[in-house]
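Below are the chains, spelled out letter by letter.
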Amino acid sequence: MSPYPVQTNRETIIETARMLIERDGIEYLSLGNVASELGIKAPSLYRHIKSKSALLQAVIEHTYLSLFSAFDEALENAGADPAEQLLKLVHAQYSFAHANPNTYMLAYAAQNPELRADPQMLLERAITIQKIVVQISGEEKSLPALRGLLAIAHGYIMLELNGQFQRGGDLSLTFEEIVKAYLQGWQ
């Protein structure tokens, strides 16, 4: 431990926790490990984070915000074609999940309502994506089309991250082909 107090803030604590989850796994996350990584004593964290649950909720929120930032970047480079926009979005999700597998799985597996990201934030992002889906499926069928797209993208990513695809091949290319076929089915 440092002989002098180390200055830290909520963002640094969250980013350190996220890094520890990615490096060591969720099961090894503790406030003590975060404090140790930051070179401070665990009680110093309580000024910024109330509990491990609060820390996990903050990491989950941060994970979604980072994913949404990747979505925004993907849309900036997607052009006007809605199918291309959706393909860029799911590619951004795929890349993000592979770069951040443990926090991605944590964010999507949070069963405790207290750990989940802000529902309003998630709804707003879903509506933004649904507006693109409407251009392919029509207004009436846009919600089922959106749900199917999310299920296909997330399900495939989770299966791949968990090593469930055993027969080889280019999994990234297969992902793209599946999404394209799905979108063509709604056109």
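Residues numbered from 1 in each chain as written. Predicted model: local features only at pLDDT ≥ 70, side-chain atom pairs only at ≥ 80, totals over all residues. Heavy atoms only, no water.

## Notes on the nonpolar core
It is characteristic of soluble globular proteins that their nonpolar side chains tend to be buried jointly. Just so we agree on the cut-off: Here, nonpolar core means buried Ala, Val, Leu, Ile, Met, Phe, Trp, Tyr and Cys residues that are tied together by side-chain atoms lying within 4.5 Å of each other. We call a residue buried when its accessible area falls under 20% of the maximum for its residue type, exposed when it is over 50%, and partly exposed in between, using a 1.4 Å probe and counting protein chains only. Helix numbering and strand numbering both begin at the N terminus, where a helix is a DSSP run of H or I of at least 4 residues and a strand a DSSP run of E of at least 2. Any two residues whose heavy atoms approach within 4.5 Å at even a single point are treated as in contact.
Within the largest apolar cluster, 55 residues are counted, with the highest numbers of intra-cluster contacts made by V34, L55 and L86. Within the residue set of this core, elements represented by two or more residues are α1 (10-24), α2 (31-38), α3 (52-76), α4 (82-99), α5 (101-109), α6 (119-137), α7 (142-161) and α8 (171-186). In contact with L86, not counting residues within four places along its chain, are I129, I132, V133, I136, L149 and L183.

## Structural notes on the packing of aromatic side chains
For any pair of aromatic rings, geometry is given as the distance between the ring centres together with the angle between the planes. As a reminder of what qualifies: Aromatic pairing here means that ring centres of Phe, Tyr or Trp (its six-membered ring) are within 6.5 Å. Orientation follows from the plane angle: under 30 degrees is stacked, over 60 is edge-to-face, and everything else is tilted.
Evaluation of the coordinates by the stated rule reveals 8 aromatic pairs. Between Y64 and Y108 the ring centres are 5.5 Å apart and the planes differ by 55°, which places this aromatic pair in the tilted class. Remark: Y108 occurs in helix α5 and Y64 occurs in helix α3; sequence separation between them is 44 residues. Plain terms: the ring middles of Y94 and F175 are 4.7 Å apart, the flat faces sit at 25° to each other, and that makes the pair stacked. Note that Y94 is positioned in helix α4 and F175 in helix α8, a separation of 81 residues in sequence. Judged by its relative accessible area of 8%, Y94 falls in the buried class. A relative accessible area of 1% means that F175 is categorised as buried. Cluster of aromatic residues (ring-pair linked, three or more members): Y64, F68, F71, Y104 and Y108.

## Comments concerning the pattern of salt bridges
Put simply, the rule is: The working definition used for a salt bridge is a side-chain nitrogen of Lys or Arg within 4 Å of a carboxyl oxygen of Asp or Glu.
Counting across every chain of the model gives 6 salt bridges. The closest approach of N and O atoms between E84 and K88, which form a salt bridge, is 4.0 Å. One end of the pair, E84, and the other, K88, are both in helix α4, 4 residues apart, so they sit about a helical turn from each other. Judged by its relative accessible area of 31%, K88 falls in the partly exposed class. K180 serves as the salt-bridge partner of E176, at 3.0 Å between the closest nitrogen and oxygen. In this pair, E176 and K180 both sit in helix α8, 4 residues apart, roughly one turn of the helix.

## Structural notes on α1
What counts, and what does not: By this rule the span expected of a helix is its residue count minus one, scaled by 1.5 Å. Within 3.5 Å is the distance limit for a polar contact, defined as a pair of N or O atoms, with the added protein rule that one can donate a hydrogen and the other accept it, and that residues adjacent in sequence qualify only through two side-chain atoms.
An ideal rise of 1.5 Å per residue puts 21 Å on 15 residues; α1 measures up with 21 Å between its terminal C-alpha atoms. The secondary structure elements touched by the buried residues of α1 are α2, α3 and α5. One side-chain oxygen of the residue at the start of α1 lies 3.1 Å from the amide nitrogen of E11, identifying that residue as N9. At the C-terminal side of α1, G25 shows a positive phi close to 100°.

## Focus on the environment of L86
Within the secondary structure, L86 is located in helix α4. Between the alpha carbons of L86 and G138 there is a distance of 15 Å; along the sequence they are 52 residues apart.

## Some remarks on the environment of A92
With respect to the helices, strands and loops of the structure, A92 is situated in helix α4. Spatially, the C-alpha atom of A92 lies 18 Å from that of I60, the residues being 32 residues apart in sequence. Every residue in contact with A92, bar those within four places of it in the chain, is listed here: L67, A70, F71 and A74.

## Concerning the confidence of the model for the protein chain
Close reading of the predicted structure is inappropriate where its pLDDT is low. Here is the rule we go by: Per-residue confidence from the predictor is given as pLDDT, running between 0 and 100.
Per-residue confidence for the protein chain averages 92 on the pLDDT scale, and 97% of its residues sit at or above 70. Summarising per-element confidence for the protein chain, the mean pLDDT is lowest in α2 (93) and highest in α4 (97).

## Side note on the packing of α3 against α5
Inclusion rule: Working convention: axes come from line fits to C-alpha atoms, limited for helices to the stretch in contact. Angles between N-to-C directions cover 0 to 180 degrees. Small angles under 35 degrees read as roughly parallel and large ones over 145 as roughly antiparallel, with 65 to 115 read as roughly perpendicular and the rest as oblique. The nonpolar class holds Ala, Val, Leu, Ile, Met, Phe, Trp, Tyr, Cys and Pro. Asp, Glu, Lys and Arg form the charged class, and all remaining residues, Gly among them, are polar.
The N-to-C vectors of α3 and α5 enclose an angle of 105°; their axes lie 9 Å apart at closest approach. The angle between the axes of α3 and α5 places the two elements in the roughly perpendicular class. Mapping the contact onto sequence places L56, V59, I60, T63, Y64 and L67 in α3 and T103, Y104, L106, A107 and Y108 in α5. In terms of residue class, the contact of α3 with α5 is made up of 9 nonpolar, 2 polar and no charged.

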